[in-house]
Amino acid sequence: MATLNAPIRHADSESVLGQSFDYLGLAVLQQLTERFDVLTGPMATFLGDLAGSGSDTLRIRNATGYGYAGAFTAMATETQAITASSITAAYDSFTVSRNGIAYESTFQRDALASDGITIDALAQSIPEAWASLLRSKVCTVGAAFSTNKADAAATLDVDDMINLRAGFEETAGFDLSVHGNPFVMLHPVQISHLRSSIRSETALQMPDAFDAYQRIQSATGLRFRFLDMDVYGSADVSLSGGDYYGFASVRGGIGFVVASTANIAVPTGVDAVRVPEFGLLITKSADGSQAYNRVDANAWLGVAAASSTVAPQFLMQSNAT
Amino acid sequence: MPLPSSSGLGGVTGIERLRAKPNAPFFLIHYPHEAGGWSVVSNGLDGPTWAPDLRPYQLVPGCGGVRTLERGEHAAAAYEQAILNLQRRGAVVYLPEAPAMQVTDAEHLPEGVPAGPYIRQVETDTIPDGHARGVPYYHLAQEQMSNGRTPTAPHKRVLDDAAWNRWRVALVDAGHIAAPDADVIAERIEQQRRKVGSASRDTRANAEVRAAAVDTQSARLAAMESARIPGTTPAPTKTTKRTRGAA
């Protein structure tokens, strides 16, 4: 019990009648996190659905030796027999894996909480987590590209980007009208290195340098165009052994496959949400005995690179320091 | 993701738990016939030397042929397809349990780190985005992990560049990694020569800026042209261990 002497002061009443802080109703600010969805760009192409196939691996066939790649032979005489040509065929394998994420919340918290972070709200956020998963897998796959167009012993510079552009153009069969602009996925620090390099690039003095410098931003996901290549940034780009493993390709260079969840049977009474095109199944359940709700999400997703004989692919491995 | 061998990976960081998101284990791969598969390094060595660009291949199920294990399958089944995919692309895969890939020489490790495989692990702590506690975080034996100074500061991953360089070069000198082909080295040198050319060509540039750029690129070219090619020219009898960060 507290005696509130006249005049009644806030300082005296706060501890018994008031509260020491107030939350803005239902507003919870999300902490810093990368929100770059690679589906908005050309770096992840949907290739197929394994649901009902009986396999966890999808193979994409490729072949050459015919059509534009077919070669006529000049015949030496009127009667020389024509030798039949061979064609060359290969395939790439895309294997799905199971990926999971789950949240739990007690009945007591659900009853008392005022913040809006409910099991339902968390379930609604799961497609965003799927987008992060896809981005992360795309970066893992890109880090294994074989041909490095940068220099592992130096930080990324303008010459590396010129070298990359030349790499695309000098790849026989690369055609802007077929493949579209190449994309480049770099770590934000690599983008900073590129910007620093532009500052001292002899071929780009004012005002060209200022113009190029100004267009280069290192925010994640933000795209800018450099030498007609669409450059993206993501902190998911691998860092190991003191090097960043950026990468570049064209649409179709990296693909993903899913297993549609439309056919997955869940028992009556289980609250299930399916996002078949993402291979995503979200189930909600409750344990009355221990008094908590739970949401589980399963995603069947696989990412891999197409053969470099189909889509040009280059690594941008540069030094981190 | 189970590793080919999960023994002897722990206890190298000196911290109990790392405040970082867990990551995937990896094995090292190398593209020996790619010009980008070799670079010149000098830190920790007696002079410029060509070193193989060994890089980690993360074993993430659903990525590049790595898949979810089925009941009863042995761990290696998860990444057999990935190895085939990599080999088809010209990569050589170095598994951590291979005897030749053990890091045993103290000169090839940061101070205080015991001998063992090239991959090490530390357990993660809970971090603000709620990853489970105690899940492994994998890193190279030559990388030292530490927590940020405050609970929300990012963790630090510092590579002992000198030790990493010495180990990679020693693998070639010992014949565990084949020496680079002459034409691969020639292609790398030619790439660098083009960089010198592009730095010196533009007459619009401020003379001082151009001279500085030419000097930098020329120094790199000179280093490449004079660099020792391990496996073909004899290794110096003793390397000098330099302080990390030394040029």
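Just above sits the structure.
Residues numbered from 1 in each chain as written. Chains lettered and ligands numbered in written order. Predicted model: local features only at pLDDT ≥ 70, side-chain atom pairs only at ≥ 80, totals over all residues. Heavy atoms only, no water.

Student: Looking at this structure, I do not really get the interface of chain A and chain B. What am I missing?
Tutor: It is common to give the size of an interface as the accessible area lost on bringing the parts into contact. Taken together, the contact between chain A and chain B spans 50 residues of the former and 49 residues of the latter. In total, about 3,400 Å² of surface goes out of reach between chain A and chain B, with carbon and sulfur atoms giving 43% of it. In this assembly, chain A and chain B are joined by four salt bridges. Connecting chain A to chain B are 18 residue pairs in polar contact (both at pLDDT 80 or more). Counting only elements with at least two residues in the side of chain A that touches chain B, the list comes to β3 (88-95), β4 (97-106), α4 (126-142), α5 (158-169), β8 (238-240), β13 (292-305) and β14 (314-319) of chain A. (Contact = heavy atoms within 4.5 Å. Buried area = accessible area lost by both parts, 1.4 Å probe. Salt bridge = Lys/Arg side-chain N within 4 Å of Asp/Glu carboxyl O. Polar contact = N/O pair within 3.5 Å; in protein donor to acceptor, adjacent residues only side chain to side chain. Helix = DSSP H or I, 4+ residues; strand = E, 2+ residues; numbered from the N terminus.)

Student: Would you mind showing me how to read the state of the cysteines here?
Tutor: Should the sulfur atoms of two cysteines be covalently bonded, the bond is a disulfide. Evaluated as defined, the whole model comprises zero disulfides over all chains. Of the cysteine sulfurs around Cys139 of chain A, a residue in no disulfide, the closest is that of Cys63 of chain B, at 9.6 Å. Exposure remark for Cys139 of chain A: the relative accessible area of 0% places this residue in the buried category. (Disulfide = S-S within 2.5 Å. Buried < 20%, exposed > 50% of the residue type's maximum accessible area, 1.4 Å probe, protein only.)

Student: Which parts of the structure should I look at to understand the pattern of salt bridges?
Tutor: In a structure, side chains of opposite charge can pair up when their charged atoms sit close to one another. All names here are of chain B. What the rule picks out here adds up to 22 salt bridges over all chains. With a closest N to O distance of 3.4 Å, Glu190 and Arg193 form a salt bridge. Of the two residues, Glu190 and Arg193 both sit in helix α3 (residues 182-201), three residues apart, roughly one turn of that helix. Looking at Arg193, the relative accessible area reads 39%, which means it is partly exposed. A salt bridge links Arg193 to Glu225; its shortest N-O distance comes to 2.7 Å. Here Glu225 lies in helix α4 (residues 207-226) and Arg193 lies in helix α3, a separation of 32 residues in the sequence.

Student: Would you mind showing me how to read unusual backbone geometry here?
Tutor: Trans is the common state for peptide bonds, and a negative phi is the common state for residues other than glycine. All names here are of chain A. Following Ala6, the chain continues to Pro7 via a peptide bond in cis, the omega torsion being -10°. Secondary-structure assignment places Pro7 in the segment before α1 (10-17). In this structure, Asp228 takes a positive phi of about 60° despite not being glycine. Tracing the backbone through its elements, the reader meets Asp228 in the loop between β6 (224-226) and β7 (229-233). By relative accessible area, Asp228 is classed as partly exposed at 39%. Despite not being glycine, Ala291 has its phi angle at roughly 60°, a positive value. Its location among the elements puts Ala291 in the loop between β12 (280-287) and β13. The class for Ala291 is partly exposed, based on a relative accessible area of 26%.

Student: Hey, could you run me through the pairing of strand β5 (residues 183-186) of chain A in this one?
Tutor: Residues in a regular strand point their side chains to alternate faces of the sheet. All names here are of chain A. Side chains Phe183 and Met185 of β5 all project onto a buried face; the interleaved residues Val184 and Leu186 project onto the opposite face, where all are buried too. Sheet topology note: the β5/β7 ladder contains four bridges and is parallel. In the strand pairing of β7, Met185 is matched with Tyr232. (Pairing = 2+ DSSP bridges.)

Student: Would you mind showing me how to read α4 of chain A here?
Tutor: Along an α-helix, residues three or four positions apart point the same way, because every turn accommodates 3.6 residues. A rise of 1.5 Å per residue sets the reference length of α4 of chain A, with its 17 residues, at 24 Å; its end C-alpha atoms lie 24 Å apart and thus fit the reference within 8%. Residues of α4 of chain A that are buried include every one of Ile126, Trp130, Ala131, Leu134, Arg135, Lys137, Val138, Cys139, Thr140, Val141 and Gly142 of chain A, and no others. (Expected span 1.5 Å × (residues − 1).)

Student: I would appreciate a short explanation of the nonpolar core in the present structure.
Tutor: The nonpolar side chains of a soluble globular protein tend to be buried, and buried together. Of all hydrophobic cores here, the largest spans 44 residues; its most connected members are Phe27, Tyr57, Leu86, Tyr118 and Trp167 of chain B. Counting only elements with at least two residues in this core, the list comes to β1 (26-30), β2 (38-41), α1 (80-88), β5 (92-94), β7 (136-140), α2 (161-173), α3 and α4 of chain B. Contact partners of Phe27 of chain B, with chain neighbours within four places excluded, come to Arg55, Pro56, Tyr57, Leu59, Tyr79, Ile83, Leu86, Val93, Tyr94, Leu95, Pro96 and Tyr118 of chain B. Ranked by size, the runner-up nonpolar core spans 36 residues in total, among them Val38, Ile119, Phe247 and Val258 of chain A. (Core = buried A, V, L, I, M, F, W, Y, C linked by side-chain atoms within 4.5 Å.)

Student: Honestly, the sheet that holds β1 of chain B in this entry has me stumped. Any pointers?
Tutor: Backbone-to-backbone hydrogen bonds join strands into a sheet, with any given pair of strands oriented parallel or antiparallel. All names here are of chain B. Pairing within the open sheet is antiparallel, and its three strands lie in the order β4-β1-β5. What marks the edges here is a single partner per strand, and that holds for β4 (55-58) and β5. The mean inter-strand angle of the sheet, taken between neighbouring strand axes irrespective of direction, is 40°. As paired elements, β1 and β4 share four bridges and run antiparallel to each other. Directly across from Phe27, in β4, lies its bridge partner Tyr57. (Axes fitted to C-alpha atoms, helices over the stretch in contact; angles between N-to-C directions.)

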